Amino acid sequence: MSDHRDRSCSSTRIWSGLLALGLAAGLLTAAPAAEARPRAPEKVPVAEGYGGAVATVDPDATAAGIEMLRRGGNAVDAAVAAAATLGVTEPYSAGIGGGGFFVFHDGRTGEVHTLDGRETAPAAMQADSFTEDGAPIPFAEAVTSGLSVGVPGTPATWETALERWGTVSMNRALSRATTVARRGFVVDETFRQQTADNAERFADFPATAELFLPDGELPEVGTRLRNPDLADTYRLMAREGADAITTGEVAEDVVATVQDPPLAEDSDRVARPGLMTLQDLAGYEVVDREPTVVGYRGLEVYGMAPPSSGGTTVGQALNMLEQVELGELDETQVLHRYLEASGIAFADRNRWVGDPEAVDVPVEELLSDEFAAERACLISPDSTLPRPIAPGSPDGDYADACPEPGEALGPAGPEGPSTTHLTTADRWGNVVSYTLTIEQTGGSGIVVPGRGFLLNNELTDFSFTDTQGGDDPNLPGPGKRPRSSMSPTIVLRDGEPWLALGSPGGATIITTVLQTLVNRVDLGMSLPEAVAAPRASERNGTSTQAEPGFETAELVALGHAFSATPEIGAATGVELLPDGRLQAVAEPERRGGGSAMVVDPAEPERRR
Ligand code: GLU
């Protein structure tokens, strides 16, 4: 720790001059408030250079991370600064009312660490809490309710990451985000559309409507949306840390809101009360988890262990894909195998992965080469496996011959497409891959009155009823964390960080990360190409979702069935290029395009 702090102290001096340069170049500031028509900071999806890199979905957030790096902060400081800014500018995807998973490569030790900041179920939650009269409650009703609100983990995640690996205080880390909340951010088309998609339920909660439907209308593109309540909440956090949210007056407001969702008087919406108490909030703990790791074609792929299914499912699929030399196959065969491996890995994920504190998750076996070999032998080059594929038995007892398929189980419950992923890297070899969420776009739809943030609906990631033949590992339980698909990933080559990436998108997160890795590693695409390429998401359902542009004809001939979907995921990543430059990468198109920046586009020597 002291090493980092010492280094950053001296680098603060070195980089303070650069900060002035950055400001002069207009890289770091949003348009001045006095401007008649405010402009958002410029947004580019790819940036290459030196000194550090940040990629997020949003230019204010990326600029906040870059500003932190320019001022001498490290990748962890930058990640928290960017995440806090996303809490302002992407409030429907991320914020202190939610949770996430933080994967960190420590440049000093070469180790990868992960923080599990997943929301937890209240102590009073039971396996049948999402049922009434034996039947699951309607999913949409569960989403917009106090019942689905998990105890938020994001405040404690930021605090833990900063304390353990960062170099700045919470005050410093939140400062830029607080300014953006106070001055406002420029509404873009994506934000307006997301608001429109949620307008009906937002209108039912006065605190939500006041913030996101000013004067009862959708915010107009190009106008500034301010959130002074969130600025105040961030100021409290700056002084008191995560306790400002999990204890005291904010906690009382959170609990009151969850237990009695503050509907408009004339609303006839059913918004069920939640079970969260002050003790649940005060007792929240971030958990250190061993990362998952698999070897893939000479690389080490680190991911997030359960309760996320990201690390095990991406890792298992990669292990299956490694059974053949994909580089020697044509693109159709590569994609066929990607889809089959994904379908099989999802069958196993649904059957075996849940919160490891509550159920026994065979992580080691799911990630073993022997299990991968047993499962991969089901894949035929000429045809598809009939869906649903039955789960395998990761029990350490593997047959030489391909085992007879067992009984197929049902698909897991729905998971909504929201969330956000950010990637940061600094010049000391620190890398952060951080996915954070409030679950659905707009979370529960419920803003805590006077506090400026939405509460999550993460508990809808639990199975409402058993989907796995009596052995569903993802049923709700007291203090349990719902299974996630978030897949923040860091890839090492020769022991050094090479690539980091992640995406939002519910269960499609797993396939987006997997496909992007296959594109990059096996199909020879650059990272920007790998991110931009059309996606398909196969999750052991009746059909594979495919974006426009994903070539299906030859895959259909092999037996694949596709359903069209406009968009899958919104990835960001950073790669270390062979010439020593960092390449920050965001989406060129999806969700309106993301924002990539580096500290210094020019080589340091050339600049002087
Ligand atoms: N709640 C989802 C998960 O944890 C993420 C939500 C999303 O990306 O849509 O996997």
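Worth saying up front: this structure is predicted, and the values here are computed from it rather than measured.

Definitions and cut-offs
- Residues numbered from 1 in each chain as written.
- Predicted model: local features only at pLDDT ≥ 70, side-chain atom pairs only at ≥ 80, totals over all residues.
- Heavy atoms only, no water.
- Helix = DSSP H or I, 4+ residues; strand = E, 2+ residues; numbered from the N terminus.
- Rg over C-alpha atoms; globule rule 2.2 N^0.38 Å.
- Buried < 20%, exposed > 50% of the residue type's maximum accessible area, 1.4 Å probe, protein only.
- Contact = heavy atoms within 4.5 Å.
- Areas by Shrake-Rupley, 256 points an atom, 1.4 Å probe, with all protein chains shown as cover.
- Lys, Arg positive; Asp, Glu negative; His and termini not counted.
- Charge placed at Lys NZ, Arg CZ, Asp CG, Glu CD.
- Salt bridge = Lys/Arg side-chain N within 4 Å of Asp/Glu carboxyl O.
- Core = buried A, V, L, I, M, F, W, Y, C linked by side-chain atoms within 4.5 Å.
- 1 Å grid on protein atoms, 1.4 Å probe; cavity = no way out; pocket = protein on both sides within 12 Å on 5 of 7 lines; lining within 4 Å.
- Points joined across faces, edges and corners; volume = space filled by probe spheres on them.
- Nonpolar A, V, L, I, M, F, W, Y, C, P; charged D, E, K, R; others polar.
- Pairing = 2+ DSSP bridges.
- UniProt positions renumbered as here; feature names shortened; annotations may be inferred.
- Polar contact = N/O pair within 3.5 Å; in protein donor to acceptor, adjacent residues only side chain to side chain.
- pLDDT = per-residue confidence, 0-100.
- Axes fitted to C-alpha atoms, helices over the stretch in contact; angles between N-to-C directions.
- Left-handed = near helix turned anticlockwise from the far one by under 90°.
- Phe/Tyr/Trp six-rings, centres within 6.5 Å; stacked < 30°, edge-to-face > 60°.
- Lys NZ or Arg CZ within 6 Å of the ring centre and 35° of its normal.

### Digging into the overall build of the protein
Then, in step 1: Scanning the protein from N- to C-terminus turns up 20 helices and 20 strands.
Then, in step 2: Against the globule reference of 25 Å for 608 residues, the protein gives a C-alpha radius of gyration of 23 Å, in line with a compact fold.
Then, in step 3: Here the protein holds 608 residues, and the buried ones make up 61% of them.
Then, in step 4: Of the contacts formed within the protein by residues at least 6 apart in sequence, a portion of 73% connects residues at least 24 apart.
Then, in step 5: Accessible area of the protein: about 21,900 Å², with a carbon and sulfur share of 49%.
Then, in step 6: The distance from the centre of the 45 positive side-chain charges to the centre of the 90 negative ones in the protein is 9 Å.

### Here's the deal with the pattern of salt bridges
Then, in step 1: Within this structure, the stated rule accounts for 26 salt bridges.
Then, in step 2: One salt bridge connects R71 with E67, and the closest N-O pair in it is separated by 4.0 Å.
Then, in step 3: In this structure, the salt-bridge partner of R590 is E587, at a minimum N-O distance of 2.7 Å. For the pair R590 and E587, a shared accessibility class is recorded, and that class is buried.

### Topic: the nonpolar core
Then, in step 1: Ranked by size, the top nonpolar core spans 78 residues in total, and within it F102, W158, F212, Y234, M237, V254 and F453 carry the most contacts.
Then, in step 2: Among residues more than four places away in sequence, those in contact with F453 are I96, G97, L230, T233, I245, V250, V254, I446, V447 and V448.
Then, in step 3: L299, V301, A317 and W498 belong to the second-largest nonpolar core, a separate cluster that totals 64 residues.

### Observations concerning empty space enclosed by the protein
Then, in step 1: One pass over the structure, following the stated rule, counts 6 cavities of 30 Å³ or more.
Then, in step 2: In this structure, the largest cavity spans a volume of roughly 70 Å³.
Then, in step 3: Every residue lining the largest cavity is counted, 13 residues in all, and those nearest its centre are G87, A94, G95, I96 and F453.
Then, in step 4: Tallied by class, residues from the lining of the largest cavity come to 8 nonpolar, 5 polar and no charged.

### Things to note about the sheet that holds strand β15 (residues 536-537)
What links the strands of a sheet is backbone hydrogen bonding, and the strands pair in either a parallel or an antiparallel sense.
Then, in step 1: A sheet is described by the order of its strands in space; here 3 strands give the open sequence β15-β16-β17, paired in mixed fashion. Sheet topology places β15 and β17 (562-564) at the edges, where each strand pairs with a single neighbour.
Then, in step 2: Across 3 bridges, strand β16 (residues 544-546) lies against β17 in parallel orientation. Counted as the bridge partner of A546 is A564 from β17.

### Re the UniProt feature "active site" (unreviewed entry) in the protein
Then, in step 1: The positions that UniProt labels "active site" (unreviewed entry) are, in the present scheme, T419.
Then, in step 2: Its place among the elements puts T419 in the loop between α16 (369-376) and β11 (420-426).
Then, in step 3: Reaching out from T419, the side chain makes a polar contact with the side chain of T437 at a distance of 2.7 Å.

### Some points on the confidence of the model for the protein
If pLDDT is low for a region, its predicted coordinates should not be looked at in detail.
Then, in step 1: The predicted model of the protein has a mean per-residue pLDDT of 92, with 91% of residues at 70 or higher.
Then, in step 2: Segment residues 1-36 is flagged for pLDDT under 50; beyond a separation of four residues in sequence, or across chains, it makes 61 contacts in the model.

### Here we look at the UniProt feature "binding site: L-glutamate" (unreviewed entry) in the protein
Then, in step 1: The UniProt entry lists R118, D461, S484, S485 and G506 under the feature "binding site: L-glutamate" (unreviewed entry), expressed in the numbering used here. Despite a sequence span of 389 residues, these residues sit close together in the fold, their greatest C-alpha distance being 14.1 Å.
Then, in step 2: Along the chain, R118 falls in the loop between β3 (112-117) and β4 (131-132).
Then, in step 3: Relative accessible area serves as the criterion here: at 0%, R118 is assigned to the buried category.

### Things to note about the packing of helix α13 (residues 310-321) against helix α17 (residues 508-521)
Then, in step 1: The interhelical angle for the contact between α13 and α17, taken along N-to-C directions, is 35°, at an axis separation of 9 Å. In terms of crossing hand, the pair formed by α13 and α17 is right-handed. Facing α13, whose interface residues are G310, T313, V314, A317, L318 and L321, α17 presents I510, V513, L514, L517 and V518.
Then, in step 2: The residue makeup of the contact of α13 with α17, split by class, is 9 nonpolar, 2 polar and no charged.

### As for the packing of aromatic side chains
Then, in step 1: For the structure on display, the rule yields 14 aromatic pairs.
Then, in step 2: Relative to F202, the ring of Y92 has its centre 5.4 Å away and its plane inclined at 55°; by these criteria the two rings are tilted. Linking Y92 in the loop between α3 (75-89) and β2 (99-105) with F202 in helix α7 (residues 189-203), this pair joins segments that are 110 residues apart in sequence. Neither residue differs from the other here; Y92 and F202 are each classed as buried.
Then, in step 3: With centroids separated by 5.9 Å and ring planes inclined at 45°, the aromatic side chains of F371 and Y398 adopt a geometry described as tilted. Here the residue F371 occupies a position in helix α16, and Y398 occupies one in the loop between α16 and β11, the gap between them amounting to 27 residues. Each member of the pair, F371 together with Y398, is buried.
Then, in step 4: An aromatic cluster is present here, built from Y92, F185, F191, F202 and F212 joined pairwise through their rings.
Then, in step 5: Note that R164 overlies the ring of W165, its terminal NZ or CZ placed 5.7 Å from the centroid.
Then, in step 6: Directly above the aromatic system of W352 lies the positively charged group of R351, at a separation of 3.9 Å from the ring centroid.

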